[in-house]
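Structure assessment
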Amino acid sequence: MAAGASDDRQELLHLIKDGWFEETQSFWTGQRFSLQVEKVLFHARSAYQDVLLFQSTSYGKVLVLDGVIQATERDEMAYQEMISHLPLFAHLNPRKVLIIGGGDGGVLREVAKHPSIDTIHMCEIDEMVIDVSKEFMSDTLATSYEDPRLTLVVDDAAKFVTQDGHGTYDCIIVDSSDPVGPAEALFEAAFFQSLHKALNPGGIICTQAECQWLHLDFISKVYRACCDIFTEVEYAYTAIPTYPSGQIGFMLLYKGPETSAAEDDGECDDLRPLTSLRVAARLPSAEVQASLKFYNPALHTAAFALPEFARRKLDEARAKVKPRS
Ligand code: SPD
């Protein structure tokens, strides 16, 4: 166990049985995913949550928060690349970006690949997640903490986005854990209202939006709330073996340029009616594409093609939205 880690064997035994980590959560009742543990590298309780990092037999290092898998070195790119590049490549010229959560550094690594970006703000509530990721995954996920464009704030994002003084953003990426525990407020309508205010006209948000197999009622509630606030709302998803049911989704939110002049601080010169969130507005350069393991422009569009049961449910939610006056 790493220096500073809790020595509470009882707590650890609760998560790991007979050399297997078992992910159990009330948010996906009746199913359970396991990974074989080679070695526990870190385990402690932070001010917010239980933080576990272990070396697995077949998925590299695995970061677990409150008993839930956040990232494995083997498949994390299926999530980090999609949550980052769907909004960033849908935008013509993102310059100022806010990352909410994402303490493992994976989203920051992807955002840092965009040369148009000159300012990256990142707000993560739990410093222990940042420290553990830097200590154990500096060559895989936490590779970009030294990027000179980064301002890192350790704070509650729900509070951060309501504070003046940070300016507004072209893209906001909400890389949260599930809506149980510290991330609960990040799925509420009030938070989306604050994000809308923090976004430049023409700006795009992408948030972690759970799994259509497990959380369709929840997704449809969030989708409906977002339709009341944003000009365009879309749900996309990616396939990832170590998240519940092998999938996770994203809510993509667009703030149209028709926003009142009073709200436009003039920071985004590339205002144009969005053709579609579903299409990459720019293509990755050959160099950036070579650095990617998952995202490509074809997958960008494919990610929005929903199975019929999900498409129907979200269409029903959209139909309930009152037309804007
Ligand atoms: N059910 C797990 C959802 C985790 C989403 N966030 C992962 C953080 C990776 N940067």
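Quick summary incoming for the structure in this document. On a predicted model such as this, the values are computed, not experimentally measured, just so you know.

1. Focus on the site of the ligand
Looking at the ligand, there are 14 residues lining it, with Gln 80, Asp 104, Asp 175, Ser 176 and Asp 178 nearest. The side chain of Asp 175 places a nitrogen or oxygen atom 2.6 Å from a nitrogen atom of the ligand. When isolated, the ligand has an accessible area of 340 Å², and the protein chains bury 98% of it. Counting only elements with at least two residues in the shell around the ligand, the list comes to strand S6 (68–72) and helix H2 (77–90). Its residues assigned to classes, the shell around the ligand comprises 7 nonpolar, 4 polar and 3 charged. Two domains share the shell around the ligand, each providing at least three of its residues, namely domain 1 (12–72) and domain 2 (76–258 + 268–320).

2. Quick look at the side chain of Thr 242
Along the chain, Thr 242 falls in the loop between strand S12 (232–239) and strand S13 (247–254). A polar side-chain atom of Thr 242 sits 2.8 Å from a polar atom in the side chain of Asp 75. Apart from the residues within four sequence positions on either side, Thr 242 is in contact with Phe 33, Leu 35, Tyr 59, Ile 69, Thr 72 and Asp 75.

3. Quick look at the environment of Thr 162
Structurally, the position occupied by Thr 162 is in the loop between helix H5 (157–160) and strand S10 (169–175). Among the polar contacts made by the side chain of Thr 162, one reaches the main-chain carbonyl oxygen of Lys 159 at a distance of 2.7 Å.

4. Points about unusual backbone geometry
Glycine aside, the phi torsion of most residues is negative, and most peptide linkages are trans. The phi dihedral of Asp 18 is positive, around 50°, even though this residue is not glycine. In this structure, Asp 66 takes a positive phi of about 50° despite not being glycine. Following the sequence through the fold, Asp 66 ends up in the loop between strand S5 (61–65) and S6. Classification of Asp 66 by relative accessible area gives partly exposed; the value is 33%.

About the cut-offs
Residues numbered from 1 in each chain as written. Predicted model: local features only at pLDDT ≥ 70, side-chain atom pairs only at ≥ 80, totals over all residues. Heavy atoms only, no water. Near = heavy atom within 4 Å. Polar contact = N/O pair within 3.5 Å; in protein donor to acceptor, adjacent residues only side chain to side chain. Areas by Shrake-Rupley, 256 points an atom, 1.4 Å probe, with all protein chains shown as cover. Helix = DSSP H or I, 4+ residues; strand = E, 2+ residues; numbered from the N terminus. Nonpolar A, V, L, I, M, F, W, Y, C, P; charged D, E, K, R; others polar. Domains from an automatic or database assignment. Contact = heavy atoms within 4.5 Å. Buried < 20%, exposed > 50% of the residue type's maximum accessible area, 1.4 Å probe, protein only.

The analysis is restricted to geometry; functional conclusions fall outside its scope.
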